[in-house]
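Structure at a glance
This is what each chain is made of:
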Amino acid sequence: MDWGYKNRLSRIIRPQTGRTVMLAVDHGYFLGPTHRLEDVYTTVEPLLDQADALMLTRGILRSSIPAETATPIVLRVSGGSSIIGEDLSNETIMTSMEEAVRLNVAAVALSIFVGSDYEAQTLENLAILVDMAQEYGIPVLAVTAVGKELEKRDSRFLALSCRIAAEFGAGFVKTYYCDDFEKVVESCPVPVVIAGGPKLETELDAFKMAHDAIRMGAVGVDMGRNIWQNDHPMGMIKGIRAVVHENASPEEAYEIFASYKVS
Ligand code: 5RP
């Protein structure tokens, strides 16, 4: 592995624990002004120091994140469809590698839609992005997207998607937690992080999901709504950090969360 590539990846997946807490705020790229991300700066700035990496688009990076931040950036470079369009899977690469270098990113991220009408197109996007990113020593995060079909999130589908992402050269993969999650991780030769998905009913549910994913081999989370849609986002990210980096139990994480609730 080239030095630059290794250095970038180790800024995201912390060598001290081999794990990562990424904060995902790229939702607007197809959802527009998502609840609590209407004003990204106000929501994200207080959490920046708590994130091992921040995932977002170049527009929001330039407009809403101070350039002085030390938090590594994972730049979402795929897009092209919106929630009101025909098919979320019809994505292409929207940002050049020169732009990613200009923005000093630690990695670039792109979605693949396995099993969709645009499966081949999104896999070709991944292959092209990996070729482009390798030139500059930039790791690629492949996101195993499901579009509007959240029910697709089972271990058979996600193992297939993660493995295909790795086969096409992704440096790490973002997927969903599911039953038999160990099957997803076991057959994926590159590190796996989980998305949080829509906000869960309770905070404890989110801590349990992160805990189970780590126990079954994930290297961390790339979580959004379950952190910043909570009324106490600092408590959420602190609790998640304890689960990911300190092997805290879900109940211990909840105690950390609760201490931020009262303050
Ligand atoms: C969308 C994404 C989001 O970043 C991802 O879903 C993470 O956010 P959340 O935890 O809110 O699901 O990649 O394709």
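Above: the structure in question.
So, here's what we can say about the structure. (Residues numbered from 1 in each chain as written. Predicted model: local features only at pLDDT ≥ 70, side-chain atom pairs only at ≥ 80, totals over all residues.)

Looking now at the overall build of the chain. Looking only at helices and strands, the chain has 12 helices and 10 strands in total. The globule rule puts the C-alpha radius of gyration for 263 residues at 18 Å, and the 17 Å found for the chain is close to it. With respect to the principal axes defined by its C-alpha atoms, the chain has extents near 50 × 40 × 40 Å. Counting only residues that meet the buried cut, the chain has 49% of its 263 residues in that class. By sequence separation, contacts in the chain at least 24 residues apart represent 67% of the contacts at least 6 residues apart. (Helix = DSSP H or I, 4+ residues; strand = E, 2+ residues; numbered from the N terminus. Rg over C-alpha atoms; globule rule 2.2 N^0.38 Å. Buried ≥ 20, exposed ≤ 12 C-beta atoms within 10 Å, placed from the backbone. Contact = placed C-beta atoms within 7 Å.)

Counting buried residues along strand β1 (residues 20-24), 5 of its 5 residues qualify, which places the element largely inside the surrounding structure. On β1, burial covers both faces: Thr20, Met22 and Ala24 on one face and Val21 and Leu23 on the other are all buried. Summarising the sheet, β1 and strand β10 (residues 220-223) pair through 4 bridges and their orientation is parallel. Bridge pairing in β10 places methionine 22 opposite aspartate 222. (Pairing = 2+ DSSP bridges.)

Quick look at the sheet that holds strand β9 (residues 192-194) now. Read around the closed barrel, the 8 strands follow the order β1-β2-β3-β6-β7-β8-β9-β10; overall the barrel is parallel. Here the average twist between neighbouring strands, direction ignored, is 25°. Strands in contact with helix α7 (residues 155-167) are β6 (107-112), β7 (140-144), β8 (172-175) and β9; relative to β8, the strand with the most contacts, it is inclined by about 155°. (Axes fitted to C-alpha atoms, helices over the stretch in contact; angles between N-to-C directions.)

Let us look at the environment of glycine 115. Looking at where glycine 115 falls in the secondary structure, it is placed in the loop between β6 and α6 (119-136). Between the C-alpha atoms of glycine 115 and aspartate 212, which are 97 residues apart in sequence, the distance is 27 Å.

Time to look at the environment of valine 77. By secondary structure assignment, the location of valine 77 is in the loop between β3 (73-76) and β4 (78-79). Owing to 28 C-beta atoms within 10 Å, valine 77 belongs among the buried residues under this scheme. C-alpha separation for the pair valine 77 and threonine 95, spaced 18 residues apart in sequence, amounts to 5.1 Å. Once you skip the residues sitting within four places of it in the chain, valine 77 turns out to touch Ile93, Met94, Thr95, Ala100, Val108, Ala109, Leu110 and Leu129.

When you line up the elements, asparagine 230 lands in the loop between α10 (225-228) and α11 (233-246). Along the backbone, asparagine 230 and glutamate 203 are 27 residues apart, and their C-alpha atoms lie at a distance of 8.4 Å. Aside from chain neighbours lying at most four places away, what touches asparagine 230 is Glu203 and Met236.

Here we come to the site of the ligand. Taken together, the neighbourhood of the ligand is formed by 15 residues, with Ala24, Ala195, Gly196, Gly224 and Arg225 sitting nearest. A class-by-class count of the residues in the shell around the ligand yields 6 nonpolar, 6 polar and 3 charged. (Near = placed C-beta within 6 Å. Nonpolar A, V, L, I, M, F, W, Y, C, P; charged D, E, K, R; others polar.)

Generally speaking, a soluble globular protein has its nonpolar side chains buried in company with each other. Residues Met22, Val74, Val108 and Ile240 are the most contacted members of the largest nonpolar core, which totals 85 residues. Counting residues per element, this core draws most heavily on α11, at 6 residues. The contact partners of methionine 22, leaving out residues within four places of it in the chain, are Ile12, Ala51, Asp52, Ala53, Met55, Val74, Val193, Gly220, Val221 and Asp222. (Core = buried A, V, L, I, M, F, W, Y, C linked by C-beta atoms within 7 Å.)

Attention now moves to α6. An ideal rise of 1.5 Å per residue puts 26 Å on 18 residues; α6 measures up with 26 Å between its terminal C-alpha atoms. Turning to α6, its buried residues number three or more, namely Thr122, Asn125, Leu126, Leu129, Val130 and Ala133. All buried residues of α6 fall inside an arc of 135° around its axis, so they share one side. Exposed positions of α6 whose direction lies more than 90 degrees from the buried face are Ala120, Asp131 and Glu135. Here the buried face of α6 lies against β4, β5 (92-93), α5 (97-102), β6, β7 and α7. (Expected span 1.5 Å × (residues − 1). Arc of directions from axis to C-beta.)

These figures capture arrangement, not role.
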